[in-house]
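Structure assessment
Chain by chain, the residues:
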Amino acid sequence: MNARLPPHTITKMVDEQAHEFRVATAAYRGPEVFAQEMEQIFYKTWIYLCHESEIAKPGDFKSTQIGTRPVIVTRGREGGIHALLNACTHRGATICREEKGNTRAFVCPYHGWSFRTSGELIGIPDDARYPEGFNKSDKNLKSVPRVAAYGGLVFGSFNPDVEPLETFLGGAKQHIDLWLKRTAGSTYRVATSHKYGFDGNWKFQAENVYDGYHPGFVHRSAFNTVRKFEGSFENRELHAAVRQQGYTRGYPEGHGTLEAGAPLESGGIDPAVRDAYNTQLKTLYGEDGAAEVLTNRQFLIFPNLTIFDFNIRVIQPIAHDRTEVYSYPLMIDGAHDEINANRMLDAQTRVGTAGILSADDIDVFAGGQNALRTEAFEWITLSRGLGKEEVKPDGERVGVYSDEAPQRAFWRKWRALMAAAA
Ligand code: FES
Ligand code: FE
């Protein structure tokens, strides 16, 4: 393991004063900081694993990662959720090479050891060749010690003493609850992911999720393109972004949101279908409640889970200068086909791999990483709205749409975890 950067070095990287909030470019650079992020953040706190709908049936599994550790999430025969290290206890081969599927058991491709989806070792070929007293019971796949779910979102933690999931979620819980209400009493089902990668630090993508400052600039040409298609769903939302009405929020737990001021209608679909959906929401939650539910909302659950109205994105750090992003369209179970088709269209055309917005952002992240490669450039600034935020008693800070309030919440949490005792 890399040498640990001492707390005073970490603390100095996030410099908060009354007139300025600065982050050292060193925080985005180099394998040392990255290794410490894995140890102090990704292996210490809760990390999103999958949506419950991806492992609905016994035997269902999905491959993912916690930090850079490969993990399989499974639905056991008994119905429980398990998270297992994707490494064979014989000689360490990757036991599951598929992205997702359903199986009775995992059979290691190297020498054929087999394991139940709960991780239990069930077979060793020709095991009579092992010595008397060879202990099989400690050769089960290694479990991620803590697994918990909230609102269909499954999280795991390598820290057995991690705080309860709901405490960790803190201020983000209310946003998850509102996002769940968009199903109008049903549940979400995630579709297959789109994946993209960029040569840049994972925190560039994290900081961008709720950045209301950039759309009118980096996405200007995209807006001009879709402006030609007046009336389409994408067009309405993009205009809302340019108008810069709404709020940003940062929470002491490190989470943050961006909310557009105007309720987002499901504009690209048949008006009768849209009206029926909106009426259903009004019946369930009242006029004001429905408007709140329909407000365009995008938020980050610290450190790397993004929730948009119509999709979930997972920011997967690969190295200090390499990141992969998995974007999962969210379908509503039992909703009208047009509603789900519109959701899929949004994922494909706007925020997915080939989406009109993602391409702009990725270009900036890679360029930013270039600039940050030089140590001659020492600080970046996240001061927009600093000192102008409304501070609530529970520590929530509310800014206007283009303020950098959520980014500051992210960095305060980053600093606290990175500088904490190992
Ligand atoms: Fe898996 Fe040998 S490494 S059976
Ligand atoms: Fe963007």
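One structure accompanies this document, and this report is about it. (Residues numbered from 1 in each chain as written. Chains lettered and ligands numbered in written order. Predicted model: local features only at pLDDT ≥ 70, side-chain atom pairs only at ≥ 80, totals over all residues. Heavy atoms only, no water.)

**Concerning the side chain of Glu259**
Mapped onto the elements of the fold, Glu259 is located in strand E16 (residues 256-263). A distance of 2.8 Å separates polar atoms of two side chains, one belonging to Glu259 and the other to Thr257. Beyond its immediate chain neighbours, meaning those up to four positions away, Glu259 contacts His175, Gln245, Gly246, Tyr247, Arg249, Thr295, Asn296, Arg297 and Tyr401. (Helix = DSSP H or I, 4+ residues; strand = E, 2+ residues; numbered from the N terminus. Polar contact = N/O pair within 3.5 Å; in protein donor to acceptor, adjacent residues only side chain to side chain. Contact = heavy atoms within 4.5 Å.)

**Some words on helix H4 (residues 173-181)**
Among the residues of H4, those classed as buried are His175, Ile176, Leu178 and Trp179. Around the axis of H4, the buried residues are gathered within 160 degrees of arc, so they sit on the same side. (Buried < 20%, exposed > 50% of the residue type's maximum accessible area, 1.4 Å probe, protein only. Arc of directions from axis to C-beta.)

**What about the pairing of strand E12 (residues 153-157)?**
Along E12, five of the five residues are buried, which leaves the element largely enclosed by surrounding structure. Judged from the four bridges that link them, strand E3 (residues 47-51) and E12 form a sheet pairing that is antiparallel. Counted as the bridge partner of His51 is Leu153 from E12. Here strand E11 (residues 146-150) runs beside E12; their pairing, made up of five bridges, is antiparallel. (Pairing = 2+ DSSP bridges.)

**Looking at the sheet that holds E11**
Strand order in the open sheet formed by three strands is E3-E12-E11, and the pairing between neighbours is antiparallel. Two strands in the sheet have a free side with no partner beyond their single neighbour: E3 and E11. Looking at each pair of strands side by side, their axes are set apart by 30 degrees on average, direction ignored. (Axes fitted to C-alpha atoms, helices over the stretch in contact; angles between N-to-C directions.)

**Description of the packing of aromatic side chains**
Across all of its chains, the model carries 16 aromatic pairs by this definition. Each ring, one from Phe42 and one from Trp202, has its centre 5.1 Å from the other, and the planes form 80 degrees; the classification is edge-to-face. Of this pair, Phe42 sits in helix H2 (residues 31-42) while Trp202 sits in helix H5 (residues 202-208); the two residues are 160 residues apart in sequence, bridging distant segments of the chain. For the residue pair Phe42 and Trp202, the accessibility class agrees, reading buried in each case. Pairwise contacts between aromatic rings join Tyr28, Phe42, Phe198, Trp202, Phe204, Phe302, Phe365, Phe410, Trp411 and Trp414 into one cluster. Geometry around Trp379 places Arg22 over its ring, the cationic atom sitting 3.8 Å from the centre. One Lys or Arg, Arg249, reaches over the ring of Tyr247 and ends 5.4 Å from the middle of that ring. (Phe/Tyr/Trp six-rings, centres within 6.5 Å; stacked < 30°, edge-to-face > 60°. Lys NZ or Arg CZ within 6 Å of the ring centre and 35° of its normal.)

**Considering the coordination of the iron ion (ligand 2)**
The protein atoms that coordinate the iron ion (ligand 2) are His214 (NE2), His219 (NE2), Asp361 (OD) and Asp361 (OD), at distances of 2.1 to 2.5 Å. Coordination at the iron ion (ligand 2) is irregular: its four donor atoms span angles of 54 to 131 degrees at the metal. Mapped onto the sequence, the residues coordinating the iron ion (ligand 2) show the spacing H-x4-H-x141-D. One end of the pair, His219, is in the loop between helix H6 (215-218) and helix H7 (220-227); the other, Asp361, is in helix H11 (residues 358-372), with 142 residues separating them in the sequence. No difference in accessibility class separates His219 from Asp361, as the two residues are buried. (Donors = N, O, S within 2.8 Å, 3.2 Å for Na, K, Ca; no water. Tetrahedral: all angles 85-135°; square planar, octahedral: opposite > 155°, others 65-115°.)

**Section: the sheet that holds strand E10 (residues 121-123)**
Read from one edge of the open sheet, three strands run E8-E9-E10, paired in antiparallel fashion. The open sheet has two edge strands, strand E8 (105-107) and E10, and neither has a second partner. Neighbour-to-neighbour, the strand axes of the sheet open up by a mean angle of 35 degrees, direction not taken into account. With two bridges connecting them, strand E9 (residues 114-116) and E10 associate as antiparallel partners. From the neighbouring strand, Phe115 faces E10, where its bridge partner is Leu121.

**Side note on helix H9 (residues 271-293)**
Given 3.6 residues per helical turn, the α-helix brings residues three or four places apart onto the same face. With 23 residues, H9 should cover 33 Å at 1.5 Å per step; its first-to-last C-alpha distance of 19 Å lies more than 12% under that length. At Tyr285, H9 shows its maximal bend, which comes to roughly 115 degrees. When we look at burial in H9, the residues that qualify are Val273, Arg274, Tyr277, Asn278, Leu281, Gly289, Ala290 and Val293. Structurally, the start of H9 carries an N-cap: the backbone nitrogen of Ala272 is 2.9 Å from a side-chain oxygen of Asp270. (Expected span 1.5 Å × (residues − 1). Bend = angle between axes of the 7 residues up to and from the residue.)

**Some remarks on the packing of H2 against helix H12 (residues 405-419)**
It is at 9 Å that the axes of H2 and H12 come closest, and there the two elements cross at 85 degrees. Relative to H12, the element H2 is oriented roughly perpendicular. Touching Val33, Gln36, Glu37, Gln40 and Ile41 of H2 are Trp414, Leu417 and Met418, all from H12. Residues of the contact of H2 with H12, tallied by class, amount to five nonpolar, two polar and one charged. (Parallel < 35°, antiparallel > 145°, perpendicular 65-115°, else oblique. Nonpolar A, V, L, I, M, F, W, Y, C, P; charged D, E, K, R; others polar.)

**Comments concerning the nonpolar core**
With 55 residues, the main nonpolar core has Met13, Val23, Ile66, Val71, Phe410, Trp411 and Trp414 as its most contacted residues. Take this core: its biggest share by element is six residues, from H12. Listed in part, the 34 residues of the second largest apolar core include Leu153, Val162, Tyr188 and Ile339. (Core = buried A, V, L, I, M, F, W, Y, C linked by side-chain atoms within 4.5 Å.)

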